[in-house]
Amino acid sequence: MTDASVLTRWHAAAAGLGVRAPLVQAGMGGVAGVELAAAVSNADALGTVGLYRLPPEICRSTVHAVQERTNATFGVNLIPEVAGHRLLMQQLDAVLDVADRPVVVNVYGIPPDELITSVRCHRHVLLVQLGTVDEILDVDADAVIVQGTEAGGHLLGESSLLELLAVVAPRRPDLPILAAGGIADPGSLTAALDGGAWGAQVGTAFVVAEESLAHPCYKQLLISASHADTVITDRFDHGWPGRRHRVLVVDPDGFDGRDDSAFVAVDRDARGRRVPIVRGSANVPLRTTEGAVEQMALYAGVGIGEVSGLRTARHIVDALASTIDSEFGDRRCVSGPTP
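1. A few points about the packing of helix α3 (residues 56-69) against helix α5 (residues 85-98)
Then, in step 1: The contact between α3 and α5 brings their axes to 8 Å, and the two run at 35 degrees. Note that α3 runs across α5; the crossing there is right-handed. Contacts between α3 and α5 involve Pro56, Cys59, Arg60, Val63, His64 and Gln67 from the former and Leu87, Gln90, Gln91, Ala94, Val95, Asp97 and Val98 from the latter.
Then, in step 2: Classifying every residue of the contact of α3 with α5 by side-chain character gives seven nonpolar, four polar and two charged.

Right under this line is the structure:
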């Protein structure tokens, strides 16, 4: 892969997403709120709000709140297998109803045809996250996020990121491919771009952003951990069954002992009501969570070892985006001008 082609793909992906840097902040349910999404978009990347199971009226107010905080392009994250078809389409309709600009609709898993048609009819951008070769090769989308098993949170496949890129990048040369899974520093981003990616989706690094809604204890645990402290498990399946997930293990001795009838924390739902959180819940600890947050789902990718402290969203974006100038720009100077 020539350095000129890396730069060409990078700029093409940015143009397609409507941003300056094709770095997508993952739509992590709960963590990816209005403040983080707006901050990432204001830093010239693609901020994303996670809509998870939010009712349509909350989706509407959430999108409106992001639009009040940024003039830039932003995304919304929808999860068909969690929301179910009826709520999913209500969420999308709420977004489309209030959107005052082109929005990137970031869908986890294969979207239903009705969603694809609606996004296209309203001239928004469809970005789909997938984790298997067959799905990636067949997807009907404006761009695709290829998720490797290095990713934190729920996993879509069983292959590593570079293994997926090696197969799909040559076979879908015209499809903008964004890499996801362990992208937390310039080195991991460079490897993905060299492997055929056009850009990247970043999750764990943004969990510890100052603007993230993650609980302070969750952030500190991530900062103190290494990639060896993460495991793939089905341990936290209440609310999202059927998907393995990569999480940080704080107490290895107590990790496998589970009493799912026990409540470990309380939080507030989308309407502000206090609700208990059962052990084994898919919920992550947020600023508003009270209780044993270390026993909750602490989603973390293998890039966790590169997460060394609290930083602003802009700092995180700038550190990654500088890879293009420092790595591929320097190579271009040596090898000659881009055609």
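2. Section: the pairing of strand β6 (residues 143-147)
Then, in step 1: β6 sits mainly inside the fold: five of its five residues count as buried.
Then, in step 2: Residues Ala143, Ile145 and Gln147 of β6 are buried on one face, and the alternating residues Val144 and Val146, pointing to the opposite face, are buried as well.
Then, in step 3: In terms of strand pairing, strand β5 (residues 125-130) meets β6 through four bridges, oriented parallel. Across the sheet, Val128 pairs through a bridge with Val144, a residue of β6.

3. Examining helix α11 (residues 216-224)
Then, in step 1: For α11, the complete set of buried residues consists of Tyr218, Lys219, Leu222 and Ile223. Down the axis of α11, the buried set is contained in an arc of 135 degrees. They therefore lie on one face. Residues of α11 that are exposed and angled more than 90 degrees away from the buried face: Pro216 and Ser224.
Then, in step 2: Buried residues along α11 sit against α10 (204-207) and β11 (245-248).

4. What about the sheet that holds strand β10 (residues 230-233)?
Then, in step 1: What the three strands build is an open sheet, ordered β7-β11-β10; its pairing is antiparallel. Each edge of the open sheet carries a strand with a single partner, namely β7 (153-154) and β10.

5. Observations concerning the sheet that holds strand β4 (residues 104-108)
Then, in step 1: One open sheet holds the eight strands; their spatial order is β1-β9-β8-β6-β5-β4-β3-β2, and the pairing between them is parallel. If you trace the sheet from one side to the other, it starts and ends with β1 (23-25) and β2 (47-50), each paired once. Pairs of neighbouring strands in the sheet enclose a mean axial angle of 25 degrees, with direction left out of account.
Then, in step 2: Most of the contacts of helix α8 (residues 161-171) go to strand β8 (residues 177-180), to which it runs at about 165 degrees, and overall it touches β6 and β8.

Thresholds applied
- Residues numbered from 1 in each chain as written.
- Predicted model: local features only at pLDDT ≥ 70, side-chain atom pairs only at ≥ 80, totals over all residues.
- Heavy atoms only, no water.
- Axes fitted to C-alpha atoms, helices over the stretch in contact; angles between N-to-C directions.
- Helix = DSSP H or I, 4+ residues; strand = E, 2+ residues; numbered from the N terminus.
- Left-handed = near helix turned anticlockwise from the far one by under 90°.
- Contact = heavy atoms within 4.5 Å.
- Nonpolar A, V, L, I, M, F, W, Y, C, P; charged D, E, K, R; others polar.
- Buried < 20%, exposed > 50% of the residue type's maximum accessible area, 1.4 Å probe, protein only.
- Pairing = 2+ DSSP bridges.
- Arc of directions from axis to C-beta.

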